[in-house]
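Fold and geometry: a report
Residue-level listing of the chains:
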Amino acid sequence: MALLLTSTSTSAEPMTGLAGWAVGLIDALGGPGAAIIVGLDNLFPPIPSELVLPLAGFSASRGAFTLLGALFWTTLGSLAGAVIVYWLGALLGRDRTRALVSRLPLMKAGDFDRTEAWFARHGGKAVFLGRMVPIFRSLISLPAGVERMPFGRFLLLTTAGSLLWNTVFVVTGYLLGESWSLVDRYASVFQYVVLAAVVVAAGVFVMVRLRERRTRSA
């Protein structure tokens, strides 16, 4: 993922593109601006949270709000965006939701199919861990809505997963300050860790089920 800015090495050179727009909105609106930006990450998957979350931490380091405020507003934005997507899936149903995803820029119907299959296999774990995986992060709320996952459980798992993901990037952006763009180099590492955890969890689940089946057969 290429960062859309001219330079972040010094504060003398203004940010442009998505980064400049995000910082400008946060400077103008404060915490609600950060919530709007992160919420859009859920509604428009091509907007990368690996960029906007460190920017929220960077803005907090400049005094736009406190670090706790940055975590609160970004998590609120994540939750609000996920809720909108959840009810969109619930109201449209599977076929119309899949058709809608295929019309989004840079998205394919296969992205929804893979997310739906992951949700079908892992349920609640998919909602929690899906908040930390690119593309799935934005789409995982759709099958949860289509299948009418209990809304209270959806809120709890989405909040927990979003808070964990947001904390990693917001705090890192806060600590790095002007060098927040370095987060982009290591974002994929954290995502691979999450994917590895999903694979291990799935393997353990299959092993346990096979062992139970052999026990019953014996």
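Cut-off values and rules
Residues numbered from 1 in each chain as written. Predicted model: local features only at pLDDT ≥ 70, side-chain atom pairs only at ≥ 80, totals over all residues. Heavy atoms only, no water. Helix = DSSP H or I, 4+ residues; strand = E, 2+ residues; numbered from the N terminus. Buried < 20%, exposed > 50% of the residue type's maximum accessible area, 1.4 Å probe, protein only. Contact = heavy atoms within 4.5 Å. Areas by Shrake-Rupley, 256 points an atom, 1.4 Å probe, with all protein chains shown as cover. pLDDT = per-residue confidence, 0-100. Phe/Tyr/Trp six-rings, centres within 6.5 Å; stacked < 30°, edge-to-face > 60°. Expected span 1.5 Å × (residues − 1). Axes fitted to C-alpha atoms, helices over the stretch in contact; angles between N-to-C directions. Parallel < 35°, antiparallel > 145°, perpendicular 65-115°, else oblique. Left-handed = near helix turned anticlockwise from the far one by under 90°. Nonpolar A, V, L, I, M, F, W, Y, C, P; charged D, E, K, R; others polar. Salt bridge = Lys/Arg side-chain N within 4 Å of Asp/Glu carboxyl O. 1 Å grid on protein atoms, 1.4 Å probe; cavity = no way out; pocket = protein on both sides within 12 Å on 5 of 7 lines; lining within 4 Å. Points joined across faces, edges and corners; volume = space filled by probe spheres on them.

Each helix and strand counted, the protein has 10 helices and 0 strands in total. Its helices and strands taken in sequence order, the protein reads α-α-α-α-α-α-α-α-α-α from the N to the C terminus. Looking at the protein as a whole, 45% of its 218 residues are labelled buried. Considering only residue pairs separated by 6 or more positions, the protein has 69% of its internal contacts joining residues 24 or more positions apart. With the model as given, the accessible surface of the protein reaches about 10900 Å², and the carbon-plus-sulfur share is 67%.

Time to look at the environment of leucine 156. Mapped onto the elements, leucine 156 comes out in helix H9 (residues 151–176). For leucine 156 and leucine 79, which are 77 residues apart along the polypeptide, the C-alpha to C-alpha distance reads 9.6 Å.

Let us now look at the confidence of the model for the protein. With 69% of its residues at a pLDDT of 70 or more, the protein has an overall mean of 74. Confidence, read as mean pLDDT per element, is least for helix H10 (residues 183–217) in the protein (56) and greatest for H9 (89). Long-range and interchain partners of residues 1–13, a stretch whose pLDDT sits below 50, account for 24 contacts in this model, where long-range means more than four residues apart.

Evaluated as defined, the whole model comprises 7 aromatic pairs. Between phenylalanine 151 and phenylalanine 154, the ring centres sit 6.3 Å apart and the planes meet at 25°, which makes this aromatic pair stacked. Separated by 3 residues within a single helix, phenylalanine 151 and phenylalanine 154 lie in helix H9, roughly one turn from each other. Classification of phenylalanine 151 by relative accessible area gives partly exposed; the value is 29%.

Quick look at helix H5 (residues 109–122) now. Here H5 contains 14 residues, and its C-alpha end-to-end distance of 20 Å stays within 8% of the 20 Å for a straight helix at 1.5 Å per residue. If you check which residues of H5 are buried, you get Ala109, Asp111, Phe112, Thr115, Glu116, Trp118, Phe119 and His122. Two residues or fewer past H5, glycine 123 is found with a positive phi of approximately 55°.

The subject of this paragraph is the packing of helix H3 (residues 49–61) against H9. Their axes nearest at 7 Å, the elements H3 and H9 cross at an angle of 50°. Put simply, H3 runs oblique to H9. Considering only the axes of H3 and H9, their crossing is right-handed. Together, Ser49, Glu50, Leu53, Pro54, Gly57, Phe58, Ala60 and Ser61 of H3 and Trp165, Asn166, Phe169, Val170, Gly173 and Tyr174 of H9 make up the contact between the two elements. Its residues assigned to classes, the contact of H3 with H9 shows 8 nonpolar, 5 polar and 1 charged.

Here the focus is the pattern of salt bridges. All told, the structure shown has 1 salt bridge when counted by the stated rule. One salt bridge in this structure joins aspartate 95 and arginine 94, with 3.6 Å as the shortest N-O distance. By relative accessible area, which is 60% here, aspartate 95 ends up exposed. Note on arginine 94: relative accessible area 34%, which makes it partly exposed.

Any empty space left between the atoms is revealed when a probe the size of a water molecule rolls over them. Of the pockets and cavities examined, the second largest pocket occupies roughly 180 Å³. In terms of lining, the second largest pocket is formed by 12 residues, of which the most central are Leu43, Val85, Leu88, Leu100 and Leu104. Sorting the residues of the lining of the second largest pocket by element identifies helix H2 (31–43), helix H4 (67–103) and helix H7 (136–139) as the ones contributing at least two each. If you tally residues by element for the lining of the second largest pocket, the top one is H4, at 5 residues. Taken together, the residues that form the lining of the second largest pocket break down as 10 nonpolar, 2 polar and no charged.

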